[in-house]
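Okay, here's what each chain looks like letter by letter:
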Amino acid sequence: MFLNGATVGFDTVNNKAVFIDQTLLPTEYREVATDDFNEIFDAIKFLKVRGAPAIGVFTAISLAVLMNKSTADTYEELFAELKDYCEKLVLCRPTAVNLKWATEEMLKVAEKLNRENFRTYLIRCALDILDDDVAVCRKIGEYGADLLKKCNSVLTHCNAGRLATVKYGTALAPIYVAKENGHNIKVFADETRPLLQGARLTAFELCDADVDTTVICDNMASFVMKNGLVDAVLVGCDRVALNGDTANKIGTSGVAILAKHYGIPFYVCMPFSTFDKNIKTGDEIVIEMRNGDEIGEMWYENRMIPQNAKTLNPAFDVTDNSLITAFITEKGVIAPGEIKNYI
Ligand code: MRU
């Protein structure tokens, strides 16, 4: 196995982007190594690689791999090919800004290169992005563990753990760091319909790390909050606007509204690569709409809703900044109103 505890990686010897196929978890652990554009595109589109930071890192690695095997001759041809890959990949998942961010980082580096150093420097840039993600998530974990010193139990939505990044995760990083420090925090994981990232992935990685884990259906969050079973909510994010409005997995805004109602702090764990300084508010965030089959067919032997019933499948929603207690970032714990001062 190449990844050795990481979620995505760069096999520079064989020039391959490597990922865990998360659609198979928790039943099967399979690493896939590829240098094929269509396979890379499908891996992102169909959530084999998912979670905003992991998508960003995987995109950077994939672009380096694709350009390393390119047969283009001139700098102009190389740059045009890279740009074309970027433009195609960016369409895969429109809400997670890390995807766009990674393509922009790679293009920014490529602009300064020449025919001779093009391939080597893109590889170096991708490896830097990978290393940065690990360091940033570790910092989020440390700030979060400090903040949660008196906390016994948290609720989380979707998967913002190690499977959504290279290592550690964002929303689950504080849990892992606290555990290293001898502080065991219990986690309630929303199952997160329709793709069940909470039930399949969050529960998988937490149990693997020996964290006390309880899976609940999405409609049970109010019950656990009302009955005092959780002290805080920790979630990740896919795009944060200048005013702190936050796009995350569908259902997050409902959890935030409940947390406010029950007086439970609601924390968004955010690497700055997920901060979109180009948009003022959450109204400008494009929400990815996915196929309705994910609701009524994907997990069932036979379609479980009537043939003529329609479906609506937005993959994300936007949580209003007024519902967020603070952002836990690699730069510290920051109030929503302050976040714009950190760019
Ligand atoms: O559709 P997904 O599974 O990619 O959605 C993932 C999320 O919504 C995560 O909470 C978010 O990307 C943060 S991951 C650190």
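Residues numbered from 1 in each chain as written. Predicted model: local features only at pLDDT ≥ 70, side-chain atom pairs only at ≥ 80, totals over all residues. Heavy atoms only, no water.

### A word on the domain arrangement of the protein
Note on interface size: it is often stated as the accessible area lost on association of the parts.
Logical step 1: One can read the domain layout of the protein as domain 1 (8-134) and domain 2 (149-342).
Logical step 2: Spacing between the C-alpha centres of domain 1 and domain 2 amounts to 25 Å.
Logical step 3: Contacts between the two partners involve 25 residues from domain 1, matched on the other side by 30 residues from domain 2.
Logical step 4: Of all residues in domain 1, R50, T95 and V97 give up the largest surface area on contact with domain 2, accounting jointly for 26% of the area buried on that side. (Domains from an automatic or database assignment. Contact = heavy atoms within 4.5 Å. Buried area = accessible area lost by both parts, 1.4 Å probe.)

### Details of the pairing of strand β9 (residues 246-249)
Logical step 1: With 2 bridges connecting them, strand β8 (residues 239-240) and β9 associate as antiparallel partners. Residue pairing for β9: R239 is matched across the bridge by A247.
Logical step 2: Bridge count for β9 against strand β11 (residues 316-319) is 4 bridges, and the pairing is antiparallel. Along β11, the bridge assignment pairs A247 with V318. (Pairing = 2+ DSSP bridges. Helix = DSSP H or I, 4+ residues; strand = E, 2+ residues; numbered from the N terminus.)

### A word on the packing of helix α1 (residues 37-45) against helix α3 (residues 75-90)
Each pair of packed helices can be described by the angle between their axes along with the distance between the axes.
Logical step 1: Two numbers describe how α1 lies on α3: the axes approach to 10 Å, and their chain directions differ by 30°. Classed by the angle they form, the pair α1 and α3 counts as roughly parallel. The chirality of how α1 crosses α3 is right-handed. Counted together, F37, I40, F41 and I44 of α1 and Y85, K88 and L89 of α3 form the full contact between these two elements.
Logical step 2: Of the residues assigned to the contact of α1 with α3, the class counts are 6 nonpolar, no polar and 1 charged. (Axes fitted to C-alpha atoms, helices over the stretch in contact; angles between N-to-C directions. Parallel < 35°, antiparallel > 145°, perpendicular 65-115°, else oblique. Left-handed = near helix turned anticlockwise from the far one by under 90°. Nonpolar A, V, L, I, M, F, W, Y, C, P; charged D, E, K, R; others polar.)

### Regarding the side chain of S273
Logical step 1: You can see S273 is positioned in the loop between β10 (266-269) and α10 (293-296).
Logical step 2: A polar contact of 3.1 Å, which involves the side chain of S273, links it to the side chain of N98.
Logical step 3: Those residues in contact with S273, other than ones at most four positions away along the chain, are V97, N98 and W101. (Polar contact = N/O pair within 3.5 Å; in protein donor to acceptor, adjacent residues only side chain to side chain.)

### Here we look at the packing of α1 against helix α2 (residues 52-68)
Logical step 1: Taken N-terminus to C-terminus, the directions of α1 and α2 make an angle of 175°; their axes are 11 Å apart at the nearest point. The angle between the axes of α1 and α2 places the two elements in the roughly antiparallel class. Residues F37, I40, A43 and I44 of α1 form the contact with α2, whose participating residues are I55, F58, T59, S62 and L66.
Logical step 2: Taken together, the residues that form the contact of α1 with α2 break down as 7 nonpolar, 2 polar and no charged.

### Things to note about α2
Logical step 1: With 17 residues, α2 extends 24 Å from end C-alpha to end C-alpha; this agrees with the ideal 24 Å at 1.5 Å per step.
Logical step 2: Counting buried residues along α2, 16 of its 17 residues qualify, which places the element largely inside the surrounding structure. (Expected span 1.5 Å × (residues − 1). Buried < 20%, exposed > 50% of the residue type's maximum accessible area, 1.4 Å probe, protein only.)

### Re the environment of L155
Logical step 1: Examined against the element boundaries, L155 turns out to sit in strand β4 (residues 153-156).
Logical step 2: Judged by relative accessible area, L155 falls into the buried class, the value being 0%.
Logical step 3: Here the alpha-carbon distance between L155 and V233, two residues 78 residues apart in the chain, equals 4.8 Å.
Logical step 4: Excluding residues that lie within four positions of it along the chain, L155 makes contacts with F188, D190, I216, A221, V224, V230, A232, V233, L234 and V255.

### What to know about the packing of aromatic side chains
Logical step 1: Under the definition given, this model contains 7 aromatic pairs.
Logical step 2: Taken together, the aromatic side chains of F37, F41 and Y85 make up a single cluster linked through ring pairs.
Logical step 3: K331 extends its terminal NZ or CZ atom over the ring of F272, reaching a point 4.3 Å from the ring centre. (Phe/Tyr/Trp six-rings, centres within 6.5 Å; stacked < 30°, edge-to-face > 60°. Lys NZ or Arg CZ within 6 Å of the ring centre and 35° of its normal.)

### Regarding the sheet that holds strand β3 (residues 31-34)
Logical step 1: Spatial ordering of the open sheet is given by β1-β2-β3, a layout of 3 strands whose pairing is antiparallel. Only two strands of the sheet have a single neighbouring strand rather than two, namely β1 (8-11) and β3. Averaged over all pairs of adjacent strands, the angle between their axes in this sheet comes to 25°, without regard to strand direction.
Logical step 2: Judged from the 4 bridges that link them, β1 and strand β2 (residues 16-20) form a sheet pairing that is antiparallel. Paired with G9 across the bridge in β2 is V18.
Logical step 3: Contacts from α2 reach β1, β2 and β3 within the one sheet, and its direction differs from that of β1 by about 15°.

### Considerations on the side chain of R239
Logical step 1: Here R239 shows up in strand β8.
Logical step 2: Accessibility expressed as a relative area gives 10% for R239, which makes it buried.
Logical step 3: Excluding anything up to four places from it in sequence, R239 contacts P94, T95, A96, V97, D245, T246, A247, T274, D276, I279 and I285.

### Some words on the site of the ligand
Logical step 1: Of all residues adjacent to the ligand, which total 18 residues, the nearest are R50, A52, R93, N248 and K249.
Logical step 2: Interatomic distance of 2.9 Å between a backbone N/O atom of G51 and an oxygen atom of the ligand.
Logical step 3: One of the side-chain nitrogen or oxygen atoms of D238 is found 2.9 Å away from an oxygen atom of the ligand.
Logical step 4: In isolation the ligand offers 420 Å² of accessible surface; the protein chains occlude 99% of this area.
Logical step 5: Elements represented by at least two residues in the shell around the ligand include exactly α2 and β9.
Logical step 6: Considered class by class, the residues forming the shell around the ligand number 8 nonpolar, 6 polar and 4 charged.
Logical step 7: Counting residues domain by domain, the shell around the ligand receives three or more from each of domain 1 (8-134) and domain 2 (149-342). (Near = heavy atom within 4 Å. Areas by Shrake-Rupley, 256 points an atom, 1.4 Å probe, with all protein chains shown as cover.)

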